[in-house]
Amino acid sequence: MGRFLARRLLFALILVLVVSSASLLLARFAPGDVTAQLGPFATPAEIANTRARFDLDRSPAAQWLLWAGRAIRFDFGDSFLYNRPVRGLVGRAAANTAALAVVALALATIVGIPLGMFTGSRGGPAAAVVRGASLLFLSVPPLLTSLFLVFIAATTRLLPAGGMTSAGVLDTEWSAWLLDVAIHLPLPVLALALPIAATLERLQSQSMADALHQPFAVAAVARGVAPRDVIARHAWRVSLRPICAVYGLAIGALLSGSFVVEFVTAWPGLGRLMYEALRARDVYLVSGCAAMGGLLLAFGSLIGDLLLAAADPRIRDAQVGA
Amino acid sequence: MGRTGPAAEAPVARGGQIVASIRGEPRTFNRYVAADQASELLSLLLQARLVRINRSTFELEPWLAETWESSADGRTHTIHLRPGVTWSDGMPLTGDDVLFSLRAVYDAKVDSVLADSLTAGGQPLRAAAPDPQTVVFTYAAPSGRGLRLLDGLPILPRHKLEPALTAGTFASAYNTTTPPAEVVGAGPFVLREYQPGQRVVMDRNPRYWRKAPDGSALPYLDRIVLQIVPEQNAELLRIQAGETDLTSSELRPEDYLPVRRADEEGRLRLIELGVGPDADAFWFCLKPEVKAKDPRFAFVQRPEFRRAISYAVDREAFAETVFLSAAVPVWGSITPGNTRWFWPDIPRYPHNDATAKMLLREIGLVDRNGDGVVEDMKGTEARFTVITQRGIGWYERGTAFVRDELARVGIAMEVAPLELGALIQRLQACDYDAMYYRPVMTDLDPAGNLDFWLSSGPSHFWNMSQKLPATDWERRVDTLMLEQAAELDPMRRETQFRAVQQIMAENLPVLHFAAPRMYYAHSARLRGVVPSVLRPPVLWNADSLSVSP
């Protein structure tokens, strides 16, 4: 197990290095640079000063070397947009995204897996309705879901139309702050969780149907085990394998932030920060966000592997032996 | 619509907070080193100037300076500071703070974005403080703008910032990581909290010096929250949902109808601010050193060619189609929104395709091969690409409209919308044929926009930062504008500027088609709103805003 974890840690480090370096260089090579934020008629002196401050007056290789040398010491440079160190910005945004991701994943799991077990083990109109709804949520782009939810929130005024906290929460106790965050969560959480719940439902449904046709399940039924027990005690665990494989990817994708959902719902997370950084060609913020996204993706992948190992002893044995 | 106004106001209620949305993060709390919209707005709320240009009447008002006298030659201005004014931390505000602020603006290490605009005759302003309440400004040359120049100078506290200036770190002072309590000012509000990506919170400055007409303390509000909402549709939804009270900028033409409905239902107030001071602009790159080898430059540089384009575009239809009727046709850079400097008799080019074709013929552009596009004698087609900013509805509609209009007279134009960064890169390198954009004038007084009018200016966008004027008419404009900027007699200034507008209208380095009418929305509970066509349309007067109980 130790070797397995060490290997995954090495993988994470390589992923972070490659993703952040590639982001830095791509942001550097893309047309225009951060000086566009100074406006179309900035003076040559202003442009030159800004380019020097962000090392854009050096060659891409020299800039990368300088950045990498600082990054080893956890100094990821300054953001032009926010005019402050990237490290603090990325850390705070990652925490906000993590809060969103954990709740969205929990909701998607609580909704998607039981519904998948239901549709995988039964037919009838109710299962058809669930399948239809899943297909709908899978096919609607997150942008539309987000805009629709924000529109509903704005017109009904049942929920805040965006943001993470209300303006009035400043002088309140932490419990009131937490409650305020909870009130702001449903919109982005639903926009993120609905397609994942639909994915989990579809996978679980297919996997459960396959498991129920396996010889062990057929034998259990033949032995007179109640159908509910066959599903809960025998088939479900076997059917989890494809779910765990996807789970790792879902965790990674959620933790690294959703551009669209966070932007439309004004959630101050990693996805929105990355989007703003890319739009402004804020090179060091882009690479900082990419590094954190890569790290969280590797973390999600590790969690997925561990879940897979927990669900399937054969994989656990292979990982430990490796 | 238009129900807001002092006459309709109920008795002013004190206390409460308003929430305004802004689209971008403030880059700093130090206006001296940043010109972004959020930093400028924060400077208005946290700092005070010596004088203020009223954004509604455009008149000069006493602010930290209570009174002043100016010498007959316009070079010496003696100002008397309002007695008893203190900074938000309780220290007295004196002439030393004014001198310190000027020193900071002109400090080479600070490299302030305000330095260029605080000059007279191209030289920095000099000042002395014979006593704590008096400051004497000496201008190197007379300035037609007089003390209006000082509206652009937020006064900063010497006792807090002098160590940073001495140490050469002033440019990073009052940055967004500075503890809020350290950001001392003389504005109506003090910084309470900044959460990146979320909001800036400002509380009432209990030591603010300005009083209401009844003698009571201002500001009325206890708190202003600037909520950061980067997406414009989300910004509109939030104000409609009652989560915010106002936005930081005007409405887009397409937002007018839903907001009017909300106004009719009593949820929002829709205000027509009037015609905006900035017109759209369409121009060709006219830099000879870049374009000389381009065979099309032979006719693009001819004023007749650009006049033909001006005749070919139906401005009435342009305003109707591109701005959904929320615009007025214009023929020059100064729009009817700039009431002081607008010249209604500027030469016009009424829509006339026949005249446009005749002008093209006069310079040898005729459709010789019958393909619908005119060519010169050598067969060079009048075919161009116009670049504009991607994602802004009316820019894209505007370029498409011009393309269709010009096609009728035989000028072929393709439209290439670009990301802002790429657009600016092309502009600065003169790597484009034509461009459509809406540059924003920094000052309503033309003498405050010499960077646009002078051939050496960095905003002289058809041929930026020329060492010597490229054309004779640009040389004449340079001379007239420098005279106008130094002239003290308002009538003579007006005459000189009309001559400039006449030259520009004849040579058309930039074509203007329409100036948008500006609309603004705020919550129905907001009181004391005095709208302005300048940004910020409402918060410029934040100390007099209140909310209904």
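Use the structure listed above.
Treat the numbers as computed from the prediction; the structure is a model and nothing was measured. Numbering of residues begins from 1 in every chain and follows the order in which that chain's sequence is written. The order in which chains are written sets their letters, starting at A; the order in which ligands are written sets their numbers, starting at 1. Reporting of local features is limited, given that this is a predicted model, to residues whose pLDDT is at least 70; pairs of side-chain atoms are given and counted only at 80 or more, and all residues count toward the totals for whole chains, interfaces and linings.

**Student:** How would you explain the overall build of chain A if you had to name every residue and give the values?
**Tutor:** Secondary structure elements are taken from DSSP: a helix is a run of H or I of four residues or more, a strand is a run of E of two residues or more, and numbering for both begins at the N terminus. Helix and strand content of chain A: 14 helices and 0 strands. Scanning chain A from its N terminus toward the C terminus, one meets helices and strands in the order α-α-α-α-α-α-α-α-α-α-α-α-α-α. The C-alpha extent of chain A, read off along each of the three principal axes, is 85 × 55 × 40 Å. By the burial criterion, 44% of the 322 residues in chain A qualify as buried. Partitioning the intrachain contacts of chain A with sequence separation of at least 6 by distance along the chain shows that 74% fall at a separation of at least 24. Once C-beta atoms are placed from the backbone, each residue is buried if 20 or more other C-beta atoms lie within 10 Å of its own, exposed if 12 or fewer, and partly exposed for counts between those two. Any pair of residues counts as being in contact when their C-beta atoms, constructed from backbone geometry, are within 7 Å of one another.

**Student:** Give me helix 11 (residues 393–408) of chain B: which residues, what numbers.
**Tutor:** Residue and element names in this part refer to chain B. Multiplying one less than the number of residues by 1.5 Å gives the expected span of a helix. Its 16 residues give helix 11 an end-to-end C-alpha distance of 24 Å, which sits within 8% of 22 Å, the value for a rise of 1.5 Å per residue. Next to the buried residues of helix 11 lie strand 15 (281–284), helix 8 (303–312), helix 9 (315–322), strand 17 (383–389), strand 18 (412–418) and strand 19 (434–437). Note on helix 11: the residue one or two positions beyond its end, Gly410, has a positive phi of about 95°.

**Student:** Tell me about the sheet that holds strand 17 of chain B, residues and numbers included.
**Tutor:** Residues and elements named next belong to chain B. A pair of strands is considered paired only if DSSP assigns at least 2 bridges between the two. One open sheet accounts for 5 strands, arranged 18-17-19-15-20; its pairing is mixed. Edge strands, defined here as strands with exactly one partner in the open sheet, are strand 18 and strand 20 (510–511). Pairing analysis gives 7 bridges linking strand 17 to strand 18, with the strands arranged parallel. Within the sheet, the bridge partner assigned to Thr388 lies in strand 18 and is Pro417. Across the sheet, helix 12 (residues 420–429) lies against strand 17, strand 18 and strand 19, angled at about 130° from strand 17, the strand it touches most. Here an axis means a line fitted to C-alpha atoms, over the contact stretch when the element is a helix, while the angle between two N-to-C directions is reported on a 0 to 180 degree scale.

**Student:** So what's going on with the nonpolar core? Which residues, and what values?
**Tutor:** Most often, soluble globular proteins have nonpolar side chains that are buried together. By convention in this section, buried Ala, Val, Leu, Ile, Met, Phe, Trp, Tyr and Cys residues joined through C-beta atoms within 7 Å make up a nonpolar core. Counting residues in each nonpolar core, the largest one holds 235 residues, and the members touching the most others are Ala104 and Cys289 of chain A together with Leu45, Ile224 and Ala514 of chain B. The element best represented in this core is helix 8 (residues 186–212) of chain A, accounting for 15 residues. Among residues more than four places away in sequence, those in contact with Ile224 of chain B are Gln17, Ile18, Ala20, Leu45, Phe189, Met202 and Ala542 of chain B. Of all hydrophobic cores here, the second largest spans 12 residues; its members include Trp453, Leu454, Leu480 and Met504 of chain B.

**Student:** Talk me through the interface of chain A and chain B; I want residue IDs and the actual numbers.
**Tutor:** On the chain B side, the residues contacting the 34 residues of chain A number 38 residues. Contributing elements (two or more residues each) for the side of chain A that touches chain B: helix 4 (86–121), helix 6 (142–156), helix 11 (259–264) and helix 12 (270–280) of chain A.

**Student:** Which residues make up the sheet that holds strand 5 (residues 76–81) of chain B, and what values go with them?
**Tutor:** Residue and element names in this part refer to chain B. A sheet is described by the order of its strands in space; here 4 strands give the open sequence 4-5-9-8, paired in antiparallel fashion. This sheet does not close on itself; its edge strands, each paired only once, are strand 4 (65–70) and strand 8 (126–131). Adjacent strand axes in the sheet meet at a mean angle of 20°, parallel and antiparallel pairs treated alike. For strand 4 and strand 5, the ladder comprises 5 bridges, and the chain directions are antiparallel. Paired with Ser70 across the two strands is His77, which belongs to strand 5. Sitting on the sheet, helix 2 (residues 95–106) touches strand 5, strand 8 and strand 9 (134–138), and the angle it makes with strand 8 is about 165°.

**Student:** I'd like to hear about the environment of Gln17 of chain B, residue by residue, with values.
**Tutor:** Inspection of the secondary structure assignment puts Gln17 of chain B in strand 1 (residues 17–22). Setting aside residues no more than four positions away along its own chain, Gln17 of chain B makes contact with Leu221, Asp222, Arg223, Ile224 and Val225 of chain B.

**Student:** I'd like to hear about helix 9 of chain B, residue by residue, with values.
**Tutor:** Residue and element names in this part refer to chain B. Along helix 9, the residues that are buried comprise Arg315, Phe318, Ala319 and Val322. The arc that holds the buried residues of helix 9, viewed along the axis, is 95°, so those residues lie on one side. Among the structural elements, strand 16 (327–329), helix 11 and strand 21 (514–523) are those in contact with the buried residues of helix 9. Count one or two residues on from helix 9 and you reach Leu324, which has phi positive near 50°. This arc is taken over the directions from the axis of the helix to the C-beta atoms.

**Student:** Requested: an account of the pairing of strand 5 of chain B, with residues and values cited.
**Tutor:** Residues and elements named next belong to chain B. Every second residue of strand 5 is oriented toward a common face, the buried set being His77, Ile79 and Leu81 and the non-buried set Thr76, Thr78 and His80. Taking the residues between adjacent antiparallel strands as the criterion, strand 4 and strand 5 are bridged by 5 residues, where Gly74 takes a positive phi near 70°. Two strands pair when backbone bridges link them, and strand 5 and strand 9 are joined in this way by 5 bridges, in the antiparallel orientation. Residue pairing in the sheet places His77 in a bridge with Phe137 of strand 9.

**Student:** Tell me about the environment of Gln227 of chain B, and please be specific about residues and values.
**Tutor:** Within the secondary structure, Gln227 of chain B is located in strand 12 (residues 223–228). Overall, the presence of 24 C-beta atoms within 10 Å leaves Gln227 of chain B in the buried class. Taking C-alpha positions, Gln227 of chain B is 9.8 Å from Glu243 of chain B, a pair spaced 16 residues apart along the chain. Sequence-distant contacts of Gln227 of chain B, that is, excluding residues within four places in its chain, are made with Gly163 and Ala167 of chain A together with Val19, Ser21, Arg199 and Thr244 of chain B.

**Student:** Could you give me a rundown of the packing of helix 9 of chain B against helix 11 of chain B, with the residues and numbers involved?
**Tutor:** Residues and elements named next belong to chain B. Running from amino to carboxyl end, helix 9 crosses helix 11 at an angle of 145°, the nearest separation of the two axes being 10 Å. Classified by chirality, the crossing of helix 11 by helix 9 is right-handed. Residue-level inspection shows Phe318, Thr321 and Val322 of helix 9 in contact with helix 11, the latter providing Trp394, Arg397, Gly398 and Phe401. A class-by-class count of the residues in the contact of helix 9 with helix 11 yields 4 nonpolar, 2 polar and 1 charged. Crossings are sorted by hand: turned counterclockwise from the far helix by less than a right angle, the near helix makes the crossing left-handed, and turned clockwise it makes it right-handed. Classification used: nonpolar for Ala, Val, Leu, Ile, Met, Phe, Trp, Tyr, Cys and Pro, charged for Asp, Glu, Lys and Arg, polar for all others including Gly.

**Student:** Could you give an account of the packing of helix 4 of chain A against helix 8 of chain A, naming the residues involved and the relevant values?
**Tutor:** Residue and element names in this part refer to chain A. Axis separation between helix 4 and helix 8 bottoms out at 6 Å; the angle between their running directions is 35°. Between helix 4 and helix 8 the crossing geometry is right-handed. Residue composition of the contact of helix 4 with helix 8, by class: 21 nonpolar, 10 polar and 2 charged.

**Student:** Explain unusual backbone geometry residue by residue, including any values.
**Tutor:** Looking along the chain, the bond that leaves Leu218 of chain B and enters Pro219 of chain B is cis, with omega of -5°. For Pro219 of chain B, the position within the fold is in the loop between strand 11 (199–204) and strand 12. The linkage connecting Arg535 of chain B with the following residue, Pro536 of chain B, adopts the cis geometry, with an omega of -5°. In this structure, Pro536 of chain B sits in the loop between strand 22 (526–527) and strand 23 (546–547). Phi at Arg157 of chain A takes a positive value of approximately 60°, unusual for a residue other than glycine. The topology assignment puts Arg157 of chain A in the loop between helix 6 and helix 7 (174–184). Positive phi is not limited to glycine here, since Ser465 of chain B has a value of about 50°. Here Ser465 of chain B shows up in the loop between helix 13 (450–453) and helix 14 (472–486). A residue is classified by how many C-beta atoms lie within 10 Å of it, and Ser465 of chain B, with 17 of them, is partly exposed.

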